[in-house]
Amino acid sequence: MIDNIKPKEATSIINSLVSGVVPKIGVQHITVGRSDEVNAFIGSLEDVKNGLSLVKFWIGDFGSGKSFMLHLLNTVALKQKFVVANADFTPDNRLYANDGKSVILYSAIMDNIAIQTKPEGGALQTLLEKWIEQVISKTAEENNIPLMEIRNDQYLELIQNSIMKTMNEITEVGGFDFGSAIVKYYEGYIKGDELLRRNALKWLKGEYTIKTEARRDLGIREIINDSNYYDMLKNFCKLFVSMGYSGFMINLDEAINLYKISVSASREKNYEKILSIYNDCFQGKVSNLFINFAGTKEFLENERRGLFSYQALKSRLEGNKFETYEFRDFAQPVIKLMPLNHNEIFVLLKKLKLIFDFNYKTELNITDEEISAFMEEMFNKPGAAEFLTPREVIRDFLNILNIIRQNPDVDKGRLFGDIEISDERPNDLILLDSIEEL
């Protein structure tokens, strides 16, 4: 039995892995062979807690566990009292754009904000109300007003001034509009005006696309757009730290979608934005911010369209030439995820068998020797060395467990013999180099 696993976590793990995606919760129960990376990451979190900012690039082949690693980082950071958020790059969002694609990425980040009590995301509203309660208490104390009375209409302006004063202290760029939106949220919160509160939240999440609508609904002239979204992320980071959180960690997955941008000028602008964020963090221009990118080796090292095609990034991200598989360097910005060895995969499959039994309240009759036989069958198949990924091994193993659970008399040897290895890489990834440059 896996210690301390909750039924909801077990269900999430099994359902997600069978579907070929990483579970949002419970990943710590299936972590194998990543202790060095996690320990180094915990050290980095300490630095960010102390006011530094960092950028890390998690690089690995398709299906090698990059997304799993980001979810594991989330779990660790939440326990260290960080606010965390995840978003995937897609063809419809990116870091730099002038047609709304950057603010779509920003909205995805804000939608997925998580804290320890809400690890699955959607915590922005909770955080705003927690901060507002802090401001209310502080204002009551500073002005000798009983807590029972401070919420009365006569003190509305006093609270609004306190919010704006605090926002002016902790923000630099765009602080007035940002503070105005929070004041509107406060008004909706204190008066029970759900529409006003929802509109303020809409503004803060970057969902207004037309300035006149924001002005009509909230009296705020500006909106969050492709040009200022990064400043708003920094404002939120400062807000979270002022509330007592350790910092703000943002995970950006599927960076291969930046590599796929066919217009070279647009792709370079996105790489330029990465450089700007990188310099901000490592030059100390921003505090308590931790940004992780996950991408393939091509996204990093391809000299024609990867990050290495941008000379300023190449000079910063080239790996430690003394690093080997045996002697790793986790202090550098780029962490290359090595594939799990066979012993580690065996341990992982044994854990999954226990979680599977716990989830379905069963005890399947499959021995360690049979797990070894399953692995031997998979890794000896034609094409395994080239195409087999941990994702495929896990999914096939759980699929077999599902068949055995529902058909206890099935011949396990025959199931193992039916395994086939296929190349799961997306076609557009394989053909990427043939995409025409514009």
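Conventions we followed
Residues numbered from 1 in each chain as written. Predicted model: local features only at pLDDT ≥ 70, side-chain atom pairs only at ≥ 80, totals over all residues. Heavy atoms only, no water. Phe/Tyr/Trp six-rings, centres within 6.5 Å; stacked < 30°, edge-to-face > 60°. Helix = DSSP H or I, 4+ residues; strand = E, 2+ residues; numbered from the N terminus. Buried < 20%, exposed > 50% of the residue type's maximum accessible area, 1.4 Å probe, protein only. Contact = heavy atoms within 4.5 Å. Pairing = 2+ DSSP bridges.

J.: I tried to follow the packing of aromatic side chains on my own but got confused; where do I start?
T.: What describes a pair of aromatic rings is the distance from one ring centre to the other and the angle between the planes of the rings. A full pass over the atoms with the stated rule returns 11 aromatic pairs. Considering the side-chain rings of Phe89 and Phe293, the 6.4 Å spacing of their centres and the 5° angle between planes classify their relative orientation as stacked. Taken as a pair, Phe89 in the loop between strand S2 (83-88) and helix H4 (101-111) and Phe293 in strand S4 (residues 289-295) lie far apart in primary sequence, 204 residues in all. Relative accessible area serves as the criterion here: at 1%, Phe89 is assigned to the buried category. Aromatic pair Phe374 and Phe397: ring centres 5.3 Å apart, planes at 55°, arrangement tilted. Taken together, the positions of Phe374 in helix H16 (residues 368-379) and Phe397 in helix H18 (residues 390-406) put the pair 23 residues apart, joining distant regions of the chain. Judged by its relative accessible area of 0%, Phe374 falls in the buried class.

J.: Hey, could you run me through the side chain of Lys205 in this one?
T.: Structurally, Lys205 can be placed in the loop between helix H8 (194-204) and helix H9 (211-218). The residues touching Lys205, leaving out its near neighbours within four places in the chain, are Tyr106, Ser107, Met110, Asp111 and Leu124.

J.: Would you mind going over the pairing of strand S1 (residues 54-59) with me for this structure?
T.: A regular strand carries its side chains on alternate faces of the sheet. With six of six residues buried, S1 is to be regarded as a mostly interior element. The alternating pattern of S1 places Leu54, Lys56 and Trp58 and Val55, Phe57 and Ile59 on opposite faces, both of which are buried. Across six bridges, the pairing between S1 and S4 is parallel. The residue of S4 that forms the bridge with Lys56 is Asn292. With three bridges joining them, S1 and strand S5 (residues 334-336) adopt parallel strand pairing. Bridged to Ile59 within S5 is Lys336.

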